[in-house]
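Close look at the chain arrangement
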Amino acid sequence: MQREAIFQIYSFCRQVDDITDSDEPREHRLAALQQWRDHIDALYQGVPPPRLKDYLASVTTFGLKREDFLAVVDGMEMDVLQDIRAPKMATLDLYCDRVASAVGRMSVRVFGLSEEDGIALAHHLGRALQLTNILRDIDEDAGLGRLYIPRESLDHAGITSSDPHKVIADKALPKACAPLAQRAMMHFAESDEIMNCNPRRIVRAPTIMSKCYRAILDLLLIRGFAAPREPVRVTNLTKLAILFRYALM
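Keep in mind that this is a model prediction, so the values were computed, not measured. (Residues numbered from 1 in each chain as written. Predicted model: local features only at pLDDT ≥ 70, side-chain atom pairs only at ≥ 80, totals over all residues. Heavy atoms only, no water.)

As for the pattern of salt bridges
All chains considered together, the criterion is met by 17 salt bridges. For Arg-229, the salt bridge is made with Asp-139, and the minimal N-O distance between the two is 2.8 Å. Placement of the pair is Arg-229 in the loop between helix H11 (204-223) and helix H12 (236-246) and Asp-139 in helix H7 (residues 138-143), with a sequence separation of 90 residues. Of the residues examined, Arg-229 reaches a relative accessible area of 14% and is grouped as buried. Residue classification places Asp-139 among the partly exposed positions, given a relative accessible area of 33%. Between Arg-214 and Asp-218 there is a salt bridge, and its shortest N-O distance comes to 3.0 Å. Taken together, the positions of Arg-214 and Asp-218, both in helix H11 and four residues apart, correspond to about one turn of that helix. By relative accessible area, Asp-218 is classed as partly exposed at 32%. Where salt bridges share partners, they join Asp-68, Asp-93, Asp-97, Arg-105 and Arg-127 into one cluster. (Salt bridge = Lys/Arg side-chain N within 4 Å of Asp/Glu carboxyl O. Helix = DSSP H or I, 4+ residues; strand = E, 2+ residues; numbered from the N terminus. Buried < 20%, exposed > 50% of the residue type's maximum accessible area, 1.4 Å probe, protein only.)

Put into structure tokens, the structure is as follows:
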């Protein structure tokens, strides 16, 4: 039942993310996201549409919250309403909460963490993972017209532009990325503390995810953020080592 519920959460996130990143006109994507809101409302009214019919058992068994499903949709909508470019830190944090920590809040309920530790872990690990994604995907996001590095970090580095292509070519970009990397490391540390206080079998999945993404962040810091930036990937050997160490714990 746990595996099915996690797969359903992943599938839901994948589908709404695909809408966000599609080439459809904005109004079509917004309408598709609104349809997901309507379907989620129907699910929690006990009359799920066909694509969410199997979710009813997971919602009931694990107490998945309607507001977390809707938060993910709201986060995706932030990317559709307009291309995010140099948001305020508070806006970026809200974005991270919606597209990452909300997913974590659903997942930790399935894993069986207590309410307090589960919410705290989702808060910190979700932000750690999303900030790592942002630092890893700077060039790819710029190609989509997006720039997630917050305005405060750009100002700190003396970068006044919000144009993604100009920012990623700026020699001061490493200075702008440093605060974001520090924030990600802080969230990784906070999430580690929470996981260390819980039974290893309950936090097995988030631990593996944390170790993989922390490895990505470490590689990014070693590589640096000055242009040209080679893509960073965790080797299969490293992934196997993480799985061997933590999947069997």
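Next comes the rest of the description.
Observations concerning the packing of aromatic side chains
Per the counting criterion, the structure on display carries five aromatic pairs. A network of ring pairs unites the aromatic residues Phe-12, Trp-36, Tyr-44, Tyr-55 and Phe-69 as a single cluster. The ring centre of Trp-36 lies 3.8 Å from the NZ or CZ of Arg-51, which sits over that ring. (Phe/Tyr/Trp six-rings, centres within 6.5 Å; stacked < 30°, edge-to-face > 60°. Lys NZ or Arg CZ within 6 Å of the ring centre and 35° of its normal.)

So, the domain arrangement of the chain
One widely used convention gives an interface's size as the accessible area the parts lose upon coming together. Looking at the assigned domains, one finds that the chain contains domain 1 (1-64) and domain 2 (82-248). Both sides of the domain 1 and domain 2 interface together cover about 890 Å² of buried area, and 63% of this is carbon and sulfur. Contact with domain 2 buries surface across domain 1, with Ile-6, Ile-9 and Arg-26 losing the most and accounting together for 41% of the total. Our enumeration of links across domain 1 and domain 2 arrives at two salt bridges. For Arg-146, the salt bridge identified is with Asp-21, shortest N-O distance 3.1 Å. Between the two partners, domain 1 and domain 2, sit three residue pairs in polar contact (both at pLDDT 80 or more). Counting residues per element, the side of domain 1 that touches domain 2 draws most heavily on helix H1 (residues 2-20), at seven residues. Broken down by class, the residue content of the side of domain 1 that touches domain 2 amounts to seven nonpolar, three polar and two charged. (Domains from an automatic or database assignment. Buried area = accessible area lost by both parts, 1.4 Å probe. Polar contact = N/O pair within 3.5 Å; in protein donor to acceptor, adjacent residues only side chain to side chain. Nonpolar A, V, L, I, M, F, W, Y, C, P; charged D, E, K, R; others polar.)

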